[in-house]
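Tertiary structure, described
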Amino acid sequence: QVQLVESGGGKVQAGGSLRLSCAASGRIFSSYVMGWFRQAAGKEREFVATINRSGGRTYYADSVKGRFTISRDNAKNTVYLQMNSLKPEDTAVYYCAAGSDYSVIINSYDYWGQGTQVTVSS
C-alpha cells in the first residue's frame, strides 16, 4: 500500500501559478507510475498528467499542455504539478494517484490522495 497526501492548493488570479506536491509513504515510491487528476464541481474526475517511474516520460491532457509540468523526486517520495498561466476553468479539486500502468485512465490507478482545492478567479 501507499499513502498519498497532496498540498499546495489555494486561490490565485487568472494568469498566476501554483505548485502542487504529493508526498507518498508506504511501499517504494519509485515502483509506481504517478498521475494527477482533477474534478470540478458537478463534473466527472478527469486526467491531467502522468509520469513514469523514472520521471523520463510524461503525458498531458490537451487542456493543460504547455502550461502544466509534472515531475517527481524519487529520493523525496514526492510528485509535483507546476501549474502556470492558470485559467478559471482550471478550478477543481486536484488529486494525485499511484498505479502500475502509464495511463490516462482513472481505473488504472490504485491509490489516491484526499485532494487539494485549486480556485482560479478571473
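Residues numbered from 1 in each chain as written. Predicted model: local features only at pLDDT ≥ 70, side-chain atom pairs only at ≥ 80, totals over all residues. Heavy atoms only, no water.

**Some remarks on the overall build of the protein chain**
- When its secondary structure is counted, the protein chain shows zero helices and 11 strands.
- The order of α-helices and β-strands along the protein chain, N terminus first, is β-β-β-β-β-β-β-β-β-β-β.
- Along the first, second and third principal axes, the C-alpha set of the protein chain runs to 40 × 25 × 25 Å.
- The buried share of the protein chain, reckoned over its 122 residues, is 43%.
- A separation of at least 24 residues holds for 57% of the contacts in the protein chain among residues at least 6 apart in sequence.
- Total accessible area on the protein chain stands at roughly 6,100 Å², and carbon and sulfur atoms take up 46% of it.
- Taking the average place of the 13 positive charges on the side chains of the protein chain and the average place of its 9 negative ones, the gap between the two points comes to 5 Å. (Helix = DSSP H or I, 4+ residues; strand = E, 2+ residues; numbered from the N terminus. Buried < 20%, exposed > 50% of the residue type's maximum accessible area, 1.4 Å probe, protein only. Contact = heavy atoms within 4.5 Å. Areas by Shrake-Rupley, 256 points an atom, 1.4 Å probe, with all protein chains shown as cover. Lys, Arg positive; Asp, Glu negative; His and termini not counted. Charge placed at Lys NZ, Arg CZ, Asp CG, Glu CD.)

**Regarding a nonpolar patch on the surface**
- The grouping of Tyr 59, Val 104 and Ile 105 at the surface amounts to a nonpolar patch, some 280 Å² of accessible area in total.
- Within the element layout of this structure, Tyr 59 appears in strand E6 (residues 58-60).
- The partly exposed category is assigned to Tyr 59, whose relative accessible area is 43%. (Patch = residues over 30% accessible without salt bridge, like charges linked within 9 Å, V, L, I, M, F, W, Y side chains within 5 Å. Salt bridge = Lys/Arg side-chain N within 4 Å of Asp/Glu carboxyl O.)

**So, the pattern of salt bridges**
- Tallying each qualifying case throughout the model produces four salt bridges.
- Residues Asp 62 and Lys 65 are paired through a salt bridge, measuring 3.1 Å at the closest nitrogen-oxygen approach.
- A residue is classified by how much of its surface remains accessible, and Asp 62, at 66% relative accessible area, is exposed.
- For Lys 65, a relative accessible area of 46% translates into the label partly exposed.

**Describing the state of the cysteines**
- One pass over the full model with this rule turns up one disulfide.
- One disulfide bridge connects Cys 22 with Cys 96, the sulfur atoms lying 1.9 Å from each other. The sign of the 45 degrees torsion about the S-S bond sets the Cys 22-Cys 96 disulfide as right-handed. On the criterion of sequence distance, the pair formed by Cys 22 in strand E3 (residues 18-26) and Cys 96 in strand E9 (residues 92-99) is long-range, its members being 74 residues apart. Note on accessibility: Cys 22 and Cys 96 belong to one class, buried. (Disulfide = S-S within 2.5 Å.)

**With respect to the side chain of Asp 90**
- Looking at where Asp 90 falls in the secondary structure, it is placed in the loop between strand E8 (78-83) and E9.
- What makes Asp 90 buried here is its relative accessible area of 1%.
- In this structure the side chain of Asp 90 is engaged in a polar contact, spanning 2.9 Å, whose partner is the side chain of Arg 38.
- Those residues in contact with Asp 90, other than ones at most four positions away along the chain, are Arg 38, Arg 67, Phe 68, Ser 85, Val 118 and Val 120. (Polar contact = N/O pair within 3.5 Å; in protein donor to acceptor, adjacent residues only side chain to side chain.)

**A few points about the packing of aromatic side chains**
- Per the counting criterion, the structure on display carries six aromatic pairs.
- Ring plane angle 75 degrees and centroid distance 5.2 Å describe the contact between Phe 37 and Tyr 109, whose orientation is recorded as edge-to-face. Taken together, the residues Phe 37 in strand E4 (residues 33-39) and Tyr 109 in strand E10 (residues 109-112) connect sequence positions 72 residues apart.
- On the basis of relative accessibility, which here comes to 0%, the residue Phe 37 falls in the buried class.
- Its relative accessible area of 4% is what places Tyr 109 among the buried residues.
- For the pair Phe 37 and Trp 112, a centre-to-centre distance of 5.0 Å together with 55 degrees between the ring planes defines the contact as tilted. Of this pair, Phe 37 sits in strand E4 while Trp 112 sits in strand E10, placing them 75 residues apart in sequence.
- Taken together, Phe 37, Phe 47, Tyr 59, Tyr 109 and Trp 112 form an aromatic cluster joined through their ring pairs. (Phe/Tyr/Trp six-rings, centres within 6.5 Å; stacked < 30°, edge-to-face > 60°.)

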